[in-house]
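Commentary on secondary and tertiary structure
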Amino acid sequence: MTTVEDVLKDLKIPFRQDGWGPRTPPRDVPYYATIEYETQDLGADEIVMMRRVVPTLLFYDAGTPACVEMRMRLHNALSAANIKHSMSRPDYWSSEKLFLTYFDIESHIVKRGFNEEGY
């Protein structure tokens, strides 16, 4: 299964998981990304058997024609990798002088067995 990280690596988009802090994002590139994960543990009988993972991809770019092209290449690459997602309209952040586009990725379930992680 192709992951969001695989797509970003293939497109050579610099990225970090869960933001850039405390380090600053790269300023010598026209675009970069972060992936934020929201998780929810699920199960019955006081045993966690599954984890729902909801990734959000945040794509920051300078708004140049090359950046707009990369934004669309990213959108198309996610689709080609069968990663279901929705893409927001780019918002301009005047304080950062960057555009921000959200890619809400469809959640997926990670199954956990009885012998994993202590049970």
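Refer to the structure above for everything that follows.
The rules behind these values
Residues numbered from 1 in each chain as written. Predicted model: local features only at pLDDT ≥ 70, side-chain atom pairs only at ≥ 80, totals over all residues. Heavy atoms only, no water. Pairing = 2+ DSSP bridges. Helix = DSSP H or I, 4+ residues; strand = E, 2+ residues; numbered from the N terminus. Phe/Tyr/Trp six-rings, centres within 6.5 Å; stacked < 30°, edge-to-face > 60°. Buried < 20%, exposed > 50% of the residue type's maximum accessible area, 1.4 Å probe, protein only. Polar contact = N/O pair within 3.5 Å; in protein donor to acceptor, adjacent residues only side chain to side chain. Contact = heavy atoms within 4.5 Å. Core = buried A, V, L, I, M, F, W, Y, C linked by side-chain atoms within 4.5 Å. Expected span 1.5 Å × (residues − 1). Arc of directions from axis to C-beta.

A separate point is the pairing of strand S2 (residues 31–44). With three bridges joining them, strand S1 (residues 15–17) and S2 adopt parallel strand pairing. In the sheet register, Phe-15 faces S2, and the bridge partner there is Ala-33. Counting the residues between successive antiparallel strands, the hairpin from S2 to strand S3 (residues 47–61) contains two residues, one of them, Asp-45, with a positive phi of roughly 55°.

Sheet topology places S3 next to strand S6 (residues 98–105); six bridges connect them, and they run antiparallel. Paired with Phe-59 across the strands is Thr-101, a residue of S6. With three bridges joining them, strand S4 (residues 85–87) and S6 adopt antiparallel strand pairing. The residue bridging Ser-86 from the neighbouring strand is Asp-104, located in S6. Bridging between strand S5 (residues 91–93) and S6 involves three bridges; their strand directions are antiparallel.

Before going further, it helps to examine the packing of aromatic side chains. One pass over the structure, following the stated rule, counts four aromatic pairs. Judged by centre distance (6.2 Å) and plane angle (80°), the rings of Tyr-60 and Trp-93 are edge-to-face. Within this pair, whereas Tyr-60 is found in strand S3, its partner Trp-93 is found in strand S5, the two being separated by 33 residues in sequence. Taking relative accessible area as the criterion, Tyr-60 reaches 13% and is therefore assigned buried. Accessibility expressed as a relative area gives 36% for Trp-93, which makes it partly exposed. An angle of 55° between the planes, with centres 4.9 Å apart, marks the rings of Tyr-92 and Phe-99 as tilted. According to the relative accessible area criterion, Tyr-92 is partly exposed, its value standing at 47%. One aromatic cluster is present, built from ring pairs that chain together Tyr-32, Tyr-60 and Trp-93.

Moving on, we come to the side chain of His-85. Looking at the secondary structure, you find His-85 in strand S4. Within the local environment of His-85, its side chain forms a polar contact with the side chain of His-75, the two groups lying 2.9 Å apart. At 2.8 Å, the side chain of His-85 forms a polar contact with the backbone oxygen of Ile-83. Ignoring any residue separated from it by four or fewer positions in sequence, one finds His-85 in contact with His-75, Leu-78, Ser-79, Phe-103, Asp-104 and Ile-105.

Below, the discussion takes up the nonpolar core. Judged by nonpolar contacts, the single largest core of 17 residues is most densely connected at Leu-8, Ile-13, Leu-57, Phe-59, Leu-74 and Leu-78. Among the elements of the structure, helix H1 (4–10), S2, S3, helix H2 (65–80) and S6 are those that each provide at least two residues to this core. Here the element with the most residues in this core is H2; it accounts for four residues. For Phe-59, the residues in contact, after removing those within four places along its chain, are Ile-13, Tyr-31, Tyr-32, Ala-33, Cys-67, Met-70, Arg-71, Leu-74, Phe-99, Leu-100, Thr-101 and Phe-103.

This paragraph deals with H2. The terminal C-alpha atoms of H2 lie 22 Å apart, and with 16 residues this matches the ideal 22 Å at 1.5 Å per residue to within 8%. Looking only at H2, the buried set comprises Cys-67, Met-70, Arg-71, Leu-74 and Leu-78. Down the axis of H2, the buried side of the element spans an arc of 105°, and every buried residue falls inside it. Away from the buried face of H2 by more than 90 degrees, exposed residues Pro-65 and Ala-80 are located.

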